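If you want the building blocks of each chain, they are given just below.
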Amino acid sequence: MKKILALTFLLSAMCAVAQPKVVAHRGYWKTDGSAQNSITALKKANQIKAWGSEFDVSQTADGVLVVNHDATIGPDKILIEGAKYDDIKDITLANGEKVPTLEQYLKAAKKCKNVRLVLEVKPHTTSEKNIKATRDAMAMVKKMGLAKKTEYISFASVVCDEVLKVDPKAKVAFLGSSMSAQAVKDRGYTGVDFLYTMFINNPNLVKQCHDLGLTVNVWTVDKDDLIRKMIEQGVDYITTNVPERTEELIKEAYTK
Ligand code: MG
């Protein structure tokens, strides 16, 4: 009896490990009162108990880190890295919230006990700016006591390199398609975070990454058939604009 119980426990633990984790892309924003990269979207990702909430970070010319997807912001398309914070601080998101600073965002994150943070440092126009934005973002994460629940992603290899220089134990995944899984491993990153077409075009890619000890995140997966395909392929994280539906499909796949 004890052996059977132990075996059942082991099998359920294995299944739990194998299930993909859901990352709400730019927070959970496709729901009432929310907006991409808003503090509300973070809170809503926490409410639905998404594994993680992804968000984008850029730095203004006077050194303030803000949460926003594009390099530009507002109706006048002000370039964030060229602007003073004062010039953009009153710009509102689609839900009426003001553009959050990273500090405001992380303060809210401290109260969100369920959700982990997937912090994307957006590419700035120079390596120096990328390095400064990465260092400053990581320092703020540390100051807020959130280092253990934050992972990093970026299209800029200089950002990923800097994450590991600052904290060799940090988790960091490369977003671009310009590097092979082997190259990602060789640079010391802990995972890949690739566009879904890369996995469709190469069904062995997940295994190749896993054989190298890399975690596999896929973006941005919103359609049922694609979500099912990524679950079947055995990815570790699914980054999606429909986190609740993705959770449902994962549950469905694992209770078959
Ligand atoms: Mg992003």
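One can find the structure itself at the top, above this paragraph.
Nothing here was measured: the structure is a model prediction, and the numbers come from that model.

*Asks:* Is there a simple way to think about the overall build of the protein chain in this case?
*Replies:* Within the protein chain one finds 11 helices and 11 strands. Since a compact globule built from 256 residues should have a radius of gyration of about 18 Å, the 19 Å found for the protein chain is in line with a globular shape. Overall size of the protein chain, expressed as C-alpha extent along the three principal axes, is 65 × 40 × 35 Å. Counting over 256 residues, the protein chain shows a buried share of 46%. Relative to all contacts within the protein chain whose residues are 6 or more apart in sequence, the contacts with residues 24 or more apart total 56%. Working note: accessible area of the protein chain is about 13000 Å², and carbon and sulfur atoms make up 54% of it. One way to put it: in the protein chain the 37 positive side-chain charges average out to a point 7 Å from where the 31 negative ones average out.

*Asks:* In this structure, what is going on with unusual backbone geometry? I would like to understand it.
*Replies:* Phi is mostly negative for residues that are not glycine, and the peptide bonds are mostly trans. With a phi close to 60°, arginine 26 is a non-glycine residue in the positive phi region. With respect to the element layout, arginine 26 can be found in the loop between strand 1 (21–24) and helix 2 (39–47). Although it is not a glycine, asparagine 37 sits at a positive phi angle of roughly 60°. Within the fold, asparagine 37 resides in the loop between strand 1 and helix 2.

*Asks:* It is not clear to me how the nonpolar core should be interpreted in this structure. Could you clarify?
*Replies:* The tendency in soluble globular proteins is for nonpolar side chains to be buried side by side. Grouped together as the largest cluster of nonpolar side chains are 59 residues, with contacts concentrated most on Phe55, Leu102 and Leu106. Once residues lying within four places of it in the same chain are set aside, the contact partners of phenylalanine 55 are Asn37, Val67, Leu102, Tyr105, Leu106, Leu117, Val118, Leu119 and Glu120. The next biggest cluster of nonpolar side chains, apart from the first, holds 10 residues, and it includes Ile73, Ile80, Leu93 and Val99.

*Asks:* What's the story with the coordination of the magnesium ion in this structure? I'm lost.
*Replies:* Ideal geometry at a metal gives 109.5 degrees between four tetrahedral donors and either 90 or 180 degrees between six octahedral ones. Protein coordination of the magnesium ion is provided by Glu54 (OE), Asp56 (OD) and Glu120 (OE), with donor distances spanning 2.0 to 2.1 Å. Between consecutive donors of the magnesium ion, the numbers of intervening residues give the motif E-x1-D-x63-E. On the criterion of sequence distance, the pair formed by glutamate 54 in strand 2 (residues 52–59) and glutamate 120 in strand 6 (residues 116–121) is long-range, its members being 66 residues apart. Glutamate 120 sits in the buried class, given a relative accessible area of 5%.

*Asks:* How do you make sense of the pattern of salt bridges when you look at a structure like this?
*Replies:* If the charged atoms of two oppositely charged side chains come close together, the side chains can form a pair. In the structure shown here, the tally under the stated rule is 13 salt bridges. One salt bridge in this structure joins glutamate 81 and lysine 129, with 2.8 Å as the shortest N-O distance. Remark: lysine 129 occurs in helix 5 (residues 127–143) and glutamate 81 occurs in the loop between strand 5 (78–79) and helix 3 (85–88); sequence separation between them is 48 residues. A residue is classified by how much of its surface remains accessible, and lysine 129, at 33% relative accessible area, is partly exposed.

*Asks:* Quick question: what am I supposed to make of the packing of aromatic side chains here?
*Replies:* For any two aromatic rings, the description comes down to two numbers: the centre-to-centre distance and the angle of the planes. By the definition in use, this model includes 5 aromatic pairs. Ring centres of phenylalanine 155 and tryptophan 219 lie 5.8 Å apart, and the angle between their planes is 85°; this geometry places the pair in the edge-to-face category. Here phenylalanine 155, found in the loop between strand 7 (150–154) and helix 6 (157–166), pairs with tryptophan 219, found in strand 10 (residues 215–219); they are 64 residues apart in sequence, far enough to count as distant. When its relative accessible area of 22% is taken as the criterion, tryptophan 219 is described as partly exposed. Note that lysine 21 overlies the ring of tyrosine 237, its terminal NZ or CZ placed 5.6 Å from the centroid.

*Asks:* Looking at this model, I keep getting lost on the side chain of asparagine 68. Mind explaining?
*Replies:* Structurally, asparagine 68 is set in the loop between strand 3 (65–67) and strand 4 (72–73). Judged by relative accessible area, asparagine 68 falls into the buried class, the value being 11%. Within the structure, the side chain of asparagine 68 is placed 3.0 Å from the backbone oxygen of aspartate 70, a separation counted as a polar contact.

*Asks:* Even after reading the chapter, I still don't get the side chain of glutamate 151, so can you show me in this structure?
*Replies:* Of note, glutamate 151 is situated in strand 7. Of the side chains with opposite charge, arginine 116 comes closest to the buried, unpaired glutamate 151, at an N-O distance of 4.1 Å. A distance of 3.3 Å separates the side chain of glutamate 151 from the side chain of tyrosine 237, its partner in a polar contact. Not counting the four nearest positions on each side in its chain, glutamate 151 is found in contact with Trp51, Arg116, Leu117, Val118, Leu119, Lys171 and Tyr237.

Parameters at a glance
- Residues numbered from 1 in each chain as written.
- Predicted model: local features only at pLDDT ≥ 70, side-chain atom pairs only at ≥ 80, totals over all residues.
- Heavy atoms only, no water.
- Helix = DSSP H or I, 4+ residues; strand = E, 2+ residues; numbered from the N terminus.
- Rg over C-alpha atoms; globule rule 2.2 N^0.38 Å.
- Buried < 20%, exposed > 50% of the residue type's maximum accessible area, 1.4 Å probe, protein only.
- Contact = heavy atoms within 4.5 Å.
- Areas by Shrake-Rupley, 256 points an atom, 1.4 Å probe, with all protein chains shown as cover.
- Lys, Arg positive; Asp, Glu negative; His and termini not counted.
- Charge placed at Lys NZ, Arg CZ, Asp CG, Glu CD.
- Core = buried A, V, L, I, M, F, W, Y, C linked by side-chain atoms within 4.5 Å.
- Donors = N, O, S within 2.8 Å, 3.2 Å for Na, K, Ca; no water.
- Salt bridge = Lys/Arg side-chain N within 4 Å of Asp/Glu carboxyl O.
- Phe/Tyr/Trp six-rings, centres within 6.5 Å; stacked < 30°, edge-to-face > 60°.
- Lys NZ or Arg CZ within 6 Å of the ring centre and 35° of its normal.
- Polar contact = N/O pair within 3.5 Å; in protein donor to acceptor, adjacent residues only side chain to side chain.

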